[in-house]
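Here is what each chain is made of, one letter per residue.
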Amino acid sequence: QVQLQQSGTELVKPASSVKISCKASGYTFTSNYMHWIRQQPGNGLEWIGWIYPGNGNTKYNQKFDGKATLTADKSSSTAYMQLSSLTSEDSAVYFCAREGELGAFDYWGQGVMVTVSS
Amino acid sequence: DIQMTQSPASLSASLGETVTIECLASEDIYSNLAWYQQKPGKSPQLLIYYANSLNDGVPSRFSGSGSGTQYSLKINSLQSEDVSIYFCQQNYDSPWTFGGGTKLELK
């Protein structure tokens, strides 16, 4: 069965960076786009970008250009997102999600809560 | 960016009732519309893709319809486990965008 297992809760300081992971299993990692989505407290969902692990191609929401960097390691079937120059505005839950049928996100990770605080 | 306007923002309904949630896109998205259900503290789960296709394992009381810029999610015979927040999402054009969500509660 398809599973996306994300890394644990992060408490980080302002101006620092954090790298969160999303380990995929149960399918061919290189065959599906992996998306990242942000959900701020009490707010809706924002799409950050995607990576295609098969060739490493990426596409970002312009809003997150320079903030998020997406990478993937084919050998471990793991996708990563690095967030840089963190501020309190970046405190949120971050999800990875696999793109399935006709562009919808058919499997999601459990989410990683990132809290930016001094 | 394509704006997704979801209504209502909140909804209260009784068990067994039929509820409908609407989603309006700022431009034609050619049925590239998905619906998700999110329970508190959990990740969203895909219900409907391509406007009207039911995802595997989703109860048949859920259905989607619409075309162009107007879409809807209908839940027949509301069950207690349907209490959740529902989001629509367009995957026609980047950046993919979501509706603001509809919080469904029991009356």
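Just above sits the structure.
In this numbering scheme, every chain counts its residues from 1 along its sequence in written order. Whichever chain is written first becomes A and whichever ligand is written first becomes 1, with later ones labelled in order. Note on the predicted model: pLDDT of at least 70 is required for a residue's local features to be given, and 80 or more for side-chain atom pairs to be given and counted; whole-chain, interface and lining totals, by contrast, use all residues. The basis for every side-chain value is the complete set of heavy atoms in the structure, and neither hydrogens nor water enter the calculation.

Q: Hey, could you run me through the packing of aromatic side chains in this one?
A: Geometrically, a pair of aromatic rings is defined through the distance of the ring centres and the angle of the planes. Between rings of Phe, Tyr and Trp, where Trp is taken as its six-membered ring, a pair exists when centres lie within 6.5 Å; planes separated by under 30 degrees are stacked, by over 60 edge-to-face, and by other angles tilted. Going through the model one piece at a time under the given rule, you end up with 11 aromatic pairs over all chains. Pairing Phe105(A) with Tyr36(B) gives two aromatic rings, centres 6.4 Å apart and planes at 40°, and the pair type is tilted. Taken together, the residues Phe105(A) in strand S10 (residues 105–108) and Tyr36(B) in strand S4 (residues 33–38) connect one chain to another. Both residues of the pair, Phe105(A) and Tyr36(B), belong to the buried class. Relative to Phe98(B), the ring of Tyr36(B) lies with its centre 6.3 Å away and its plane at 50°, an arrangement referred to as tilted. Of this pair, Tyr36(B) sits in strand S4 while Phe98(B) is found in strand S10 (residues 97–98), placing the two residues 62 residues apart along the sequence. With respect to burial, Tyr36(B) and Phe98(B) carry one shared label: buried. The structure contains a cluster of three or more aromatic residues connected by ring pairs, namely Phe95(A), Phe105(A), Trp108(A), Tyr36(B) and Phe98(B). One residue, Lys19(A), lies across the ring of Tyr80(A), its end atom 4.9 Å from the ring centre. Helix numbers and strand numbers start at the N terminus; a helix is a DSSP run of H or I with at least 4 residues, a strand a run of E with at least 2. The cut-offs for exposure are 20% and 50% of the maximum accessible area for each residue type, with area from a 1.4 Å probe on protein chains only; residues under the lower value are buried, those over the upper are exposed, and the others partly exposed. Any Lys NZ or Arg CZ that is within 6 Å of a ring centre and within 35 degrees of that ring's normal is treated as a charge sitting over the ring.

Q: Explain the nonpolar core here, please?
A: Where a protein is soluble and globular, its nonpolar side chains tend to be buried together. Residues grouped as a nonpolar core are buried Ala, Val, Leu, Ile, Met, Phe, Trp, Tyr and Cys residues, joined through side-chain atoms within 4.5 Å. Of all hydrophobic cores here, the largest spans 26 residues; its most connected members are Ile20(A), Met34(A), Trp36(A), Met81(A), Tyr94(A) and Val114(A). Counting only elements with at least two residues in this core, the list comes to strand S3 (18–25), strand S4 (34–39), strand S5 (45–52), strand S7 (68–73), strand S8 (78–83), strand S9 (92–99) and strand S11 (112–116) of chain A. Per element, the largest residue contribution to this core is four residues, and it comes from S3(A). In this description, contact between two residues means that some pair of their heavy atoms is separated by no more than 4.5 Å. Those residues in contact with Ile20(A) that lie beyond four places of it in its chain are Ser7(A), Glu10(A), Trp36(A), Ala79(A), Tyr80(A), Met81(A), Tyr94(A), Val112(A) and Val114(A). Membership of the second largest hydrophobic core comes to 22 residues, among which are Ile2(B), Ala25(B), Trp35(B) and Leu73(B).

Q: I would appreciate a short explanation of the sheet that holds strand S1 (residues 4–7) of chain B in the present structure.
A: Strands in a sheet are paired, the pairing made by backbone hydrogen bonds, and the direction either parallel or antiparallel. Residues and elements named next belong to chain B. The criterion for strand pairing is that DSSP finds at least two bridges linking the strands in question. Read across the sheet, four strands follow the order S1-S3-S8-S7 without closing on themselves; strand pairing throughout is antiparallel. The open sheet has two edge strands with one neighbour each: S1 and strand S7 (62–67). If you compare each strand with its neighbour and ignore which way they point, the axes differ by 15° on average. In terms of strand pairing, S7 meets strand S8 (residues 70–75) through six bridges, oriented antiparallel. When the sheet's bridge partners are listed, Gly-66 is paired in S8 with Tyr-71. For helices, the fitted axis covers only the stretch in contact; all axes are lines through C-alpha atoms, and the angles between them, taken along N-to-C directions, range from 0 to 180 degrees.

Everything listed here is a matter of coordinates, which is why it stays silent on function.
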